[in-house]
Amino acid sequence: QVQLVESGGGLVQAGGSLRLSCAASGRTFSSYAMGWFRQAPGKEREFVAAINWSGGRTSYVDSVKGRFTISRDNAKNTVYLQMNSLKPEDTAVYYCAARYGDDYDYWGQGTQVTVSS
């Protein structure tokens, strides 16, 4: 069982930056691949970024490549999403999730990110 708690969301102007954190409970955090997802009002949840258990492999949706960076600190049981050059279209609730197999089994409660133009 893994419990995930996101933090770091807020209101920022376009072009600004935020860093989201996701703190995980449990001693097996390093066994899980982690992902960030987001859901904007009236839209389906979409994949944003993922990182493997060691941090050696990452992937991103095209719309955030070059602007967002996912990272993890297994000693702190935490995964991060550094978001730079934010755009109004990045406005959404951001969720972190943990995956051991093929599916993301554990989800956080989400943190709101609002980017004003």
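Higher on the page you've got the structure.
What you see is a predicted model; the values in this text were computed from it and never measured. (Residues numbered from 1 in each chain as written. Predicted model: local features only at pLDDT ≥ 70, side-chain atom pairs only at ≥ 80, totals over all residues. Heavy atoms only, no water.)

Chemist: Just to check I follow, could you spell out the overall build of the protein for this structure?
Modeler: Helix and strand counts for the protein come out as zero helices and 11 strands. For the protein, the succession of helices and strands along the chain, N to C, is β-β-β-β-β-β-β-β-β-β-β. Relative to the 2.2 N^0.38 estimate, which gives 13 Å for 117 residues, the radius of gyration of the protein is 13 Å and therefore close to what a compact globule would have. By its C-alpha atoms, the protein is 40 × 25 × 25 Å across when sized along the principal axes. (Helix = DSSP H or I, 4+ residues; strand = E, 2+ residues; numbered from the N terminus. Rg over C-alpha atoms; globule rule 2.2 N^0.38 Å.)

Chemist: Hey, could you run me through the state of the cysteines in this one?
Modeler: By definition, a disulfide links the sulfur atoms of two cysteines through a covalent bond. Here the structure, examined in full by the defined rule, presents one disulfide. Here Cys22 connects covalently by a disulfide to Cys96, the sulfurs 1.9 Å from one another. An S-S torsion of about 45° defines the bridge between Cys22 and Cys96 as right-handed. Of the two residues, Cys22 is situated in strand β3 (residues 18-24) and Cys96 in strand β9 (residues 92-99); the sequence distance between them amounts to 74 residues. You can call Cys96 buried: its relative accessible area is 0%. (Disulfide = S-S within 2.5 Å. Buried < 20%, exposed > 50% of the residue type's maximum accessible area, 1.4 Å probe, protein only.)

Chemist: Help me out: how do you make sense of the packing of aromatic side chains in this one?
Modeler: Two descriptors summarise a pair of aromatic rings, namely the distance from one centre to the other and the angle between the planes of the rings. Under the criterion given, the structure shown has six aromatic pairs. Pairing Phe37 with Trp107 gives two aromatic rings, centres 4.9 Å apart and planes at 55°, and the pair type is tilted. You can see Phe37 sitting in strand β4 (residues 33-39) and its partner Trp107 sitting in strand β10 (residues 104-107), a full 70 residues away along the chain. A relative accessible area of 10% places Phe37 in the buried class. Measuring from centroid to centroid gives 6.1 Å for Tyr104 and Trp107, while their planes differ by 55°, and the two rings are tilted. Here Trp107 falls in the partly exposed class, since its relative accessible area comes to 30%. (Phe/Tyr/Trp six-rings, centres within 6.5 Å; stacked < 30°, edge-to-face > 60°.)

Chemist: What should I look at first to understand the sheet that holds strand β1 (residues 4-7) in this one?
Modeler: Strand pairing within a sheet occurs via backbone hydrogen bonds; the two strands may be parallel or antiparallel. The four strands lie next to each other as β1-β3-β8-β7, forming an open sheet whose pairing is antiparallel. On the outer flanks of this sheet lie β1 and β7 (68-73), each paired with one strand and no other. Mean inter-strand twist for the sheet, computed between neighbouring axes without regard to direction, equals 15°. As paired strands, β7 and strand β8 (residues 78-83) are joined by six bridges and run antiparallel to one another. Note on β8: the bridge partner recorded for Ser71 is Tyr80. (Pairing = 2+ DSSP bridges. Axes fitted to C-alpha atoms, helices over the stretch in contact; angles between N-to-C directions.)

Chemist: Sorry if this is basic, but what is going on with the nonpolar core here?
Modeler: Within soluble globular proteins, side chains that are nonpolar tend to cluster in buried spots. Ranked by internal contacts, the top residues of the largest apolar core, which has 29 residues, are Met34, Trp36, Leu81, Met83 and Tyr94. Every element with two or more residues in this core is listed here: β3, β4, β5 (46-51), β7, β8, β9 and β11 (111-116). In this structure, Met34 is in contact with Leu4, Cys22, Phe29, Ala49, Ala50, Ile51, Ile70, Arg72, Val79, Ala97, Ala98 and Tyr104, ignoring residues within four places of it in sequence. (Core = buried A, V, L, I, M, F, W, Y, C linked by side-chain atoms within 4.5 Å. Contact = heavy atoms within 4.5 Å.)

Chemist: I would appreciate a short explanation of the pairing of β8 in the present structure.
Modeler: Regular strands place their side chains on alternate faces of the sheet. Among the six residues in β8, five count as buried, and that is most of the element. The pairing of β3 with β8 spans six bridges and is antiparallel. Note on β8: the bridge partner recorded for Leu18 is Met83. Here β7 folds back onto β8 in antiparallel fashion, the turn holding four residues, of which Asn77 has a positive phi close to 55°.

Purely geometric numbers; function is a separate question.
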